[in-house]
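Read off the chains here:
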Amino acid sequence: MRRSLLFMPGNNPAMLQNSDVFDSDAVIFDLEDAVSITEKDAARTLVSQYLSALKEAPPMEIIVRINGMDTAYYMEDLQTIVCDAIDTIMLPKARAEDLRRLDGLLSDIEKRKGMKKKTGVLPIVELAVSVLEIDEIAGCPRVSGVLLGAEDLSGDMDVVRTKQGNEILYARMRIATACAAYKIDSIDTPFTDTNDAEGLEADCRYAANLGFCAKAAIHPNQVPVINDVFVPAAPQIRWALRVEEASAQAARKGLGVFSLDGKMVDKPVIQRAQKILAKARKYNLI
C-alpha cells in the first residue's frame, strides 16, 4: 500500500543520506534517467555503498530504478544492487517478456547471494506496446504495482504532453483497471512542474478518481500534497466507520444485507468500507 514514491538521483550523496526525512512511502534511487552516461558507474557504487551502510531497515520502501534491459548497464546494476537492503527493482520501458526474464535473473542472484527475502518488481509502462500488454504485465511474477511513465509514452506516441493530460487518458484507465483487477498498486506519472502545487493537487485528484492509488514525485515538496490526496477524506472515513458498526450489528442478527441511511448495504459496499478503513488505519487517520 503506497501513496507517494519519491525519485532521487543515484549520484546525489546528500539526498541518499537524507532519504528517510521526506515522509514518502517509498524512495526510488535512480540509476537511469537522472544519471548521465559518464556517471553510471559512480551512481551504482554510491547507491551500493549507501545500502551496505544501513544498520536497520528504514521507515520507507527502498526501490532502485535500474537501467533498461536494452542497455549495457542493467546486468551490472542488478548484480551490484540486489540485496536484502532493497525492497523493489523498478524496470523502465518494461515489456512482459522483460519481466519474465527479470524474474529468472533475480531468482539466480537471490540464490547466489543467500538472500533472506524476495525482491519485488515495479515496471514502468512508458511504451505504447506496453500499454497494450498491461494485462500481461500486471500479472507477471513479483510485480507489486505499475507506474505510468507519461513523458516517454508521449514521445513514443509522438504527441504533445500537456498538463491537462488528455493524451494519456487511455493509458491511465488501462493501467488503473489492470492493477485493480490484479490487486496491485496503480501509480500515476509524476507531475513535472515542481512549482505548481495547485496543479499537482488537481492532477492527483484526477488520477485518484480514475482509480490510481499513488503517485510518483520528482521533488520532495510534492510529497505532502500527494500524501494528502491519496488517503481517504474525513467524510469517507466517518461513513466507513458507520458501515463497519452497522455491519457488525447486522452480523449478530444473522443479516447479510441491511439498510443504512435508507440505502441498501451489501457485500460490495462493506468491502469498500473495509478498504477505506484499512488505508485510514495504516496512515494513522483513525
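Look up a bit, the structure's there.
Quick caveat: nothing in here was measured; it's all calculated off a predicted structure. (Residues numbered from 1 in each chain as written. Predicted model: local features only at pLDDT ≥ 70, side-chain atom pairs only at ≥ 80, totals over all residues. Heavy atoms only, no water.)

**Some words on the side chain of Ser4**
Mapping Ser4 onto the fold places it in strand S1 (residues 4-9). Taking relative accessible area as the criterion, Ser4 reaches 0% and is therefore assigned buried. When residues no more than four places from it in sequence are discounted, the contact partners of Ser4 are Asp23, Ser24, Asp25, Ala26, Lys215, Val223, Ile226 and Asn227. (Helix = DSSP H or I, 4+ residues; strand = E, 2+ residues; numbered from the N terminus. Buried < 20%, exposed > 50% of the residue type's maximum accessible area, 1.4 Å probe, protein only. Contact = heavy atoms within 4.5 Å.)

**Considerations on the packing of aromatic side chains**
The final tally for this structure, using the stated rule, is one aromatic pair. Their ring planes at 85° and their centres at 5.3 Å tell us that Phe29 and Tyr50 sit as a pair that is edge-to-face. Placement of Phe29 in strand S2 (residues 26-30) and of Tyr50 in helix H2 (residues 40-53) is noted, with a sequence separation of 21 residues between them. A single burial state applies to Phe29 and to Tyr50, both of which are buried. Directly above the ring of Tyr283 sits Arg3, whose terminal nitrogen or CZ lies 3.7 Å from the centroid. Here the guanidinium or amino end of Lys40 rests over the ring plane of Tyr73, the centre of that ring lying 5.8 Å away. (Phe/Tyr/Trp six-rings, centres within 6.5 Å; stacked < 30°, edge-to-face > 60°. Lys NZ or Arg CZ within 6 Å of the ring centre and 35° of its normal.)

**Regarding the pairing of strand S7 (residues 185-188)**
Neither face of S7 is left uncovered, since the one carrying Asp185 and Ile187 and the one carrying Ser186 and Asp188 both have all their residues buried. When strand S6 (residues 145-148) meets S7, the two strands line up parallel, connected through three bridges. Residue pairing in the sheet places Leu147 in a bridge with Ile187 of S7. As paired elements, S7 and strand S8 (residues 214-217) share two bridges and run parallel to each other. Within S8, the residue paired with Ile187 across the bridge is Ala214. Read from S7 through helix H9 (residues 197-210) to S8, the crossover connection turns out right-handed. (Pairing = 2+ DSSP bridges. Right-handed = clockwise from strand over helix to strand, strands pointing away.)

**A closer look at a nonpolar patch on the surface**
A grouping of Leu241, Leu285 and Ile286 is seen on the molecular surface, where their side chains present a nonpolar patch of about 240 Å² in accessible area. Residue placement: Ile286 occurs in the segment after helix H12 (267-282). (Patch = residues over 30% accessible without salt bridge, like charges linked within 9 Å, V, L, I, M, F, W, Y side chains within 5 Å. Areas by Shrake-Rupley, 256 points an atom, 1.4 Å probe, with all protein chains shown as cover. Salt bridge = Lys/Arg side-chain N within 4 Å of Asp/Glu carboxyl O.)

**Re the packing of H2 against helix H3 (residues 74-81)**
Where H2 contacts H3, the axes come no closer than 10 Å and their chain directions differ by 15°. By the angle class used here, H2 and H3 are roughly parallel. Note that H2 runs across H3; the crossing there is right-handed. Each of Arg44, Val47, Ser48 and Leu51 in H2 lies in contact with H3, whose residues at this interface are Glu76, Asp77, Thr80 and Ile81. For the contact of H2 with H3, the per-class residue count stands at three nonpolar, two polar and three charged. (Axes fitted to C-alpha atoms, helices over the stretch in contact; angles between N-to-C directions. Parallel < 35°, antiparallel > 145°, perpendicular 65-115°, else oblique. Left-handed = near helix turned anticlockwise from the far one by under 90°. Nonpolar A, V, L, I, M, F, W, Y, C, P; charged D, E, K, R; others polar.)

**Quick word on the environment of Pro232**
Tracing the backbone shows Pro232 in the loop between helix H10 (223-229) and helix H11 (234-252). Classification of Pro232 as buried rests on a relative accessible area of 10%. Sequence separation of Pro232 and Met69 is 163 residues, and the distance between their C-alpha atoms is 37 Å. With sequence-adjacent residues up to four places away left out, Pro232 is seen in contact with Ile237, Ile276, Lys279, Ala280 and Leu285.

**Considerations on H12**
Relative to the 22 Å expected for 16 residues at 1.5 Å per residue, H12 spans 22 Å between its end C-alpha atoms, a close match to the ideal helical length. Those residues of H12 that fall on the buried side of the exposure criterion are Ile270, Ala273, Ile276, Leu277, Lys279 and Ala280. Directly after H12, the chain includes Asn284, whose backbone phi takes a positive value near 55°. (Expected span 1.5 Å × (residues − 1).)

**Focus: the packing of H3 against helix H4 (residues 96-113)**
Interaxial distance between H3 and H4 falls to 10 Å at its minimum, and their mutual angle equals 35°. Between H3 and H4 lies a crossing whose hand is right-handed. Residues Tyr74, Met75, Leu78, Gln79 and Thr80 of H3 touch H4, and the partners they reach there are Arg101, Leu102, Leu105, Leu106, Ile109, Arg112 and Lys113. Looking at side-chain class alone, the contact of H3 with H4 contains seven nonpolar, two polar and three charged residues.

**Overview of the nonpolar core**
Counting residues in hydrophobic clusters, the biggest one holds 62 residues, and the most contacted among them are Phe29, Val64, Leu78, Ile89 and Val146. Of all the elements, H4 adds the most residues to this core, at six residues. Excluding residues within four positions of it along the chain, Phe29 makes contact with Met8, Leu16, Ser19, Val47, Tyr50, Leu51, Ile62, Ile63, Val64 and Arg65. (Core = buried A, V, L, I, M, F, W, Y, C linked by side-chain atoms within 4.5 Å.)

**Looking at the environment of Thr80**
Take Thr80: it is sitting in helix H3. For Thr80 and Val47, which are 33 residues apart along the polypeptide, the C-alpha to C-alpha distance reads 9.3 Å. Leave out the neighbours within four places in its chain, and Thr80 touches Arg44, Ser48 and Lys113.

These figures come from the coordinates and say nothing about function on their own.
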